[in-house]
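Overview (structure and organization)
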Amino acid sequence: MRLTTFFPAAVAAVSVATAFAQFGPTKPPDPRVELGRKIFVPACGFCHGPDATGKSAPDLVRSSVVLHDENGDQIGPVVLNGRPERGMPAFNYTPEQIEEIAAFLHSRAEAASNRFSYTISGLLTGNAGAGKAFFFGEGKCSTCHSPTGDLEHIAARYEPVDLQRRLIYPAPTFMDYMTGKKSKTPPPAKVTVTLPSGTSETGNLEHIDEFKIVLKDASGQHRVIPREGTTVTIDDPLAAHQSLMAHITDQQMHDTLAYLETLK
Amino acid sequence: MRLTSAIGAILSFALWFCAGQQLPSNQIGQPPVTMWPTYNGDYSGRRFSPLKEINASNVASLEKVWTYRTSNSGVNGFAGWIKSTPLEVNGTLYFSIPDNVWAIDARTGRELWHYKYPPSKAIHIGSRGVAMWGDWLYFESPDCNLISLNAKDGSVRWQKPIADPKLEYFCTMSPLVVKNHLIVGVGGDSLDNPGYLESRDPETGDAQWHWNVEPKPGEPGSETWPDIESMSHGGGMTWMTGTYDPELNLIYWGTGNPNPVHASAARKGDNLWTCSIVALSPDTGKMAWYYQVSPHDTHDWDAVQTPVLFDAPFKGKTRKLLAQGSRNGYFFLLDRATGEHLLTAPFIDTNWTLGLNSKGQPIPNPKKEPSRDGTLVAPSSNGATNWFAPTFDPESGLFYLNASQNWSIFYLTAEGKAEGFAGRDDFLNFSGTLEAIDYQTGEIRWKHDIGGMGSGLLSTAGGLLFDGDSSGNLIGIDPKTGKTVWHTSIGQNLTNGPITFELDGRQYLVVGATNALIAFALPQSKSGGD
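All values reported here derive from a predicted model rather than from experimental measurement. (Residues numbered from 1 in each chain as written. Chains lettered and ligands numbered in written order. Predicted model: local features only at pLDDT ≥ 70, side-chain atom pairs only at ≥ 80, totals over all residues. Heavy atoms only, no water.)

This part is about the overall build of chain A. Of the regular secondary structure elements, chain A holds 11 helices and five strands. Each of the 264 residues in chain A was classed as buried or not, and the buried ones make up 45%. Contacts in chain A between residues at least 24 apart in sequence constitute 55% of all its contacts with a sequence separation of at least 6. Carbon and sulfur atoms make up 58% of the accessible area of chain A, which amounts to about 13600 Å² in all. (Helix = DSSP H or I, 4+ residues; strand = E, 2+ residues; numbered from the N terminus. Buried < 20%, exposed > 50% of the residue type's maximum accessible area, 1.4 Å probe, protein only. Contact = heavy atoms within 4.5 Å. Areas by Shrake-Rupley, 256 points an atom, 1.4 Å probe, with all protein chains shown as cover.)

Residue and element names in this part refer to chain B. Taking burial as the measure, the five residues of strand β28 (residues 408–412) include four buried ones, the bulk of the element. Bridge count between strand β25 (residues 375–377) and β28: three bridges; the pairing is antiparallel. Each bridged residue has a counterpart across the sheet, and for Val377 the counterpart in β28 is Ser408. Of the strand pairs in this sheet, β28 and strand β29 (residues 423–427) are connected by five bridges, and their pairing is antiparallel. Note that in β29 the partner of Phe410 across the bridge is Asp425. (Pairing = 2+ DSSP bridges.)

We now examine the state of the cysteines. What we call a disulfide is simply a covalent bond connecting the sulfur atoms of a pair of cysteines. All names here are of chain B. One pass over the structure, following the stated rule, counts one disulfide over all chains. Sulfur-sulfur distance for the disulfide between Cys144 and Cys171 comes to 2.4 Å. Of note, the bridge from Cys144 to Cys171 carries an S-S torsion of about 100 degrees and is right-handed in sense. A residue pair is termed long-range when its members are at least 10 positions apart, and Cys144 in the loop between β8 (136–140) and β9 (145–150) and Cys171 in the loop between β10 (156–161) and β11 (176–178) qualify at 27 residues. Under the relative-accessibility criterion, Cys144 is labelled buried at 0%. In this model Cys275 remains outside any disulfide bridge; the closest cysteine sulfur is found in Cys171, 19 Å from its own. (Disulfide = S-S within 2.5 Å.)

Okay, the interface of chain B and chain A next. Counting residues at the interface gives 54 residues for chain B and 53 residues for chain A. Interface of chain B and chain A: buried area, both sides summed, is about 4600 Å²; carbon and sulfur atoms make up 57% of it. Ranking the residues of chain B by area buried against chain A places B:Asp373, B:Arg424 and B:Phe430 at the top, with a combined share of 15%. Here chain B and chain A share seven salt bridges between them. Across the salt bridge formed by A:Arg62 and B:Glu229, the nearest N and O atoms sit 3.0 Å from each other. (Buried area = accessible area lost by both parts, 1.4 Å probe. Salt bridge = Lys/Arg side-chain N within 4 Å of Asp/Glu carboxyl O.)

Our focus in this paragraph is the environment of B:Ser459. All names here are of chain B. By the secondary structure assignment, Ser459 is in strand β32 (residues 458–460). Spatially, the C-alpha atom of Ser459 lies 40 Å from that of Lys166, the residues being 293 residues apart in sequence. Within polar-contact distance, the side chain of Ser459 engages the side chain of Thr391 at 2.8 Å. (Polar contact = N/O pair within 3.5 Å; in protein donor to acceptor, adjacent residues only side chain to side chain.)

For the rest of this paragraph, the subject is the sheet that holds strand β1 (residues 190–194) of chain A. The strands making up a sheet associate through backbone hydrogen bonding, with each pair oriented either parallel or antiparallel. Residues and elements named next belong to chain A. Taken in spatial order, the five strands line up as β4-β3-β2-β1-β5 in an open sheet, and their pairing is antiparallel. Edge positions in the sheet fall to β4 (222–226) and β5 (231–235), since each has one partner strand and no second. Within this sheet the neighbouring strands show an average axis-to-axis angle of 40 degrees, counted without direction. Bridge count for β1 against β5 is five bridges, and the pairing is antiparallel. Counted as the bridge partner of Val191 is Ile234 from β5. (Axes fitted to C-alpha atoms, helices over the stretch in contact; angles between N-to-C directions.)

Take the environment of B:Leu146 next. Residues and elements named next belong to chain B. Here Leu146 lies in strand β9. Note on Leu146: relative accessible area 0%, which makes it buried. Between the C-alpha atom of Leu146 and that of Ile162, which follows or precedes it by 16 residues, the distance is 6.4 Å. Apart from residues no more than four positions distant in its own chain, Leu146 is found in contact with Tyr138, Phe139, Glu140, Trp158, Gln159, Lys160, Ile162, Pro175, Leu182, Val184 and Arg200.

Turning to the packing of aromatic side chains, a few remarks are in order. Residue and element names in this part refer to chain B. All told, the structure shown has 27 aromatic pairs over all chains when counted by the stated rule. Pairing Tyr138 with Trp158 gives two aromatic rings, centres 6.0 Å apart and planes at 45 degrees, and the pair type is tilted. Note that Tyr138 is positioned in strand β8 and Trp158 in strand β10, a separation of 20 residues in sequence. Relative accessible area serves as the criterion here: at 0%, Tyr138 is assigned to the buried category. Trp158 sits in the buried class, given a relative accessible area of 12%. With a centroid separation of 5.8 Å and an interplanar angle of 75 degrees, the aromatic rings of Phe392 and Tyr439 are classed as edge-to-face. One end of the pair, Phe392, is in strand β26 (residues 391–393); the other, Tyr439, is in the loop between β30 (433–438) and β31 (444–449), with 47 residues separating them in the sequence. Of the two residues, Phe392 and Tyr439, neither departs from the other in class, the shared state being buried. Following the ring pairs from residue to residue traces out a cluster consisting of Trp301, Tyr330, Trp352 and Phe410. Positioned over the ring face of Phe78 is Lys83, at 3.5 Å from the centre of the ring. Taking the ring centre of Trp387 as reference, the NZ or CZ of Arg128 above it sits at 4.2 Å. (Phe/Tyr/Trp six-rings, centres within 6.5 Å; stacked < 30°, edge-to-face > 60°. Lys NZ or Arg CZ within 6 Å of the ring centre and 35° of its normal.)

With that settled, the discussion passes to the side chain of B:Arg128. One can find B:Arg128 in the loop between β6 (111–116) and β7 (131–133). The side chain of B:Arg128 is buried and forms no salt bridge, while B:Asp302, the nearest opposite charge, is found at 9.0 Å. (Lys, Arg positive; Asp, Glu negative; His and termini not counted.)

Pasting the structure below:
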């Protein structure tokens, strides 16, 4: 039984999200970071690189001095004294300016180490014409979807990264929680449970595991049915997406995204 | 008469002297019966118990004996779940979550003491447990202090730093006691730190040896990195507990994946000794052999999964074997004396390789590396399996693990110099399947859907395999057929590895489920005796 219930996935996602709350989406920036950047780039960037990842002088993003620094207490002495034996001059900055440089450098380390703050971009490499052909052809998307129906304006509703994921498997996921996004839940699967007595129950599938089925019947009532001795058939609207996950190529994925991006 | 009473006096004295030591280190290697004295129960990593009192014919009578709920830990949510495998020694259970160690009475669940370490800014994600040697416990704090506690009352004997948390190291693993060595590993993949394994003196905490996952310039393996900068920031964390063969006197450890995690171009080459199973001398740290299960990994698939040791027939001859169900989706079988490769087989459908090379290593397909516009890969960065303990049942001859057929889209995000993760992946689905692998052929004998991956496994001579599903059930399974023979709803999902032990002739089964430790046993009237 390959159907994965949505509920445990959501629980898992939220639970892991709380663990990674120490990562999470970026906090509102400290104004000293931008002030520090304005000092750093012209004064230090020539040797350390404008993003502090190093050129002729060391990478400061992973620097032990920077990572141990608190508000400039380690960085300050290096900046004020320089490292003459290694060719770094001394800089006569004020304590405020040193705090600002330190804030900028800390923001660089934070940006590198917090992967949920990374920006995903550059997705639109596919060919919209090929994507349209896939949509109406091999991909069989048009069996259930229409660019003038349910997918009208789809590109206005989702960012490219989310559209690319959802065209394969349209369900909220871990990354939505981590990046603070809302994502539409899929329509429920329909389940029919034939009991040992021969009677059937049907409804929207809420949960299924080895031991029980939970469905919502036509009147809106939740029914919990022990699984033993029953026959279960599930009509999962995402079945075609489950299959797509295993078969779609990267090229087809990029092309279909390019086509869907035209549906603004 | 006087001679026997003298001998009696000497024996009594010897017993009294030894009784002062709760856990002599030479007891750790025995198959776990009255004790579960180390993370995997014994040194083999099989998580197989010889106990038969609970068996397929009476498992339906199992009842809950006690529940212990953690409180006042200061750690909420996912990080505070019990992921540690408790130790059971002399009727006391010792277990941990980040910043916290508890001792509870194994028969009653009553708390004996609770130690709290001051909270820190280090990443809190989980703790796999404590180690024990003599009367002392050993615990890695999230900010990478190695702390030795008195097992009687949880008081601190000493603490020694084993890594610098400011460099984004964080520590979670359960150390391994081998003779007079305490083997400790480290974690921390956010900012390209070098990984290593250390041996510490269990009396003082001082370093005995230090083995680097990345070679130094000029050392063997350095030719698999393009330059010193990438090699000295290459990652490769040792965040899970390894195994040990006392006859060969070798420890076996899986190393983590290289950094920057998703950036291939920054570190062209196989990147040794990341993603490798290594055999080291526990006395010197010298490497005897290695086998790299994921050359040049770019998907966050470490190889820290338990290297399980067993002696069994392979192609007609009994051999000293080592098996790993690896995060990258492949099962590996090696000769643990020499490192000779014996078998590689996928245990999920993967899409990232160009096949296997002549050494049985998967050849990564460059087209399936993370990319700016996204690459669809099976498995996701979570892996086809993860830290959840596997088990090997010598009676069925099968290797069991909780696996996941999952996909995600991998993105490369680094602009300019790649550092840290340099990308991330977008998960498409979650799934979980308990799989039984025939180690001789790699064939998957049977599969049992469990919904999601979240816990480890235990097998017993009672003909039972214990697992948890993602619907809050503890399940007893026939190891030969995969059929469920018993289950009970515990309301929460299992989050650690189940253990079993015998006290006063009664067999207990203890599982961790989020913030509760729960013990099961047969009702007293049916238990005990032959």
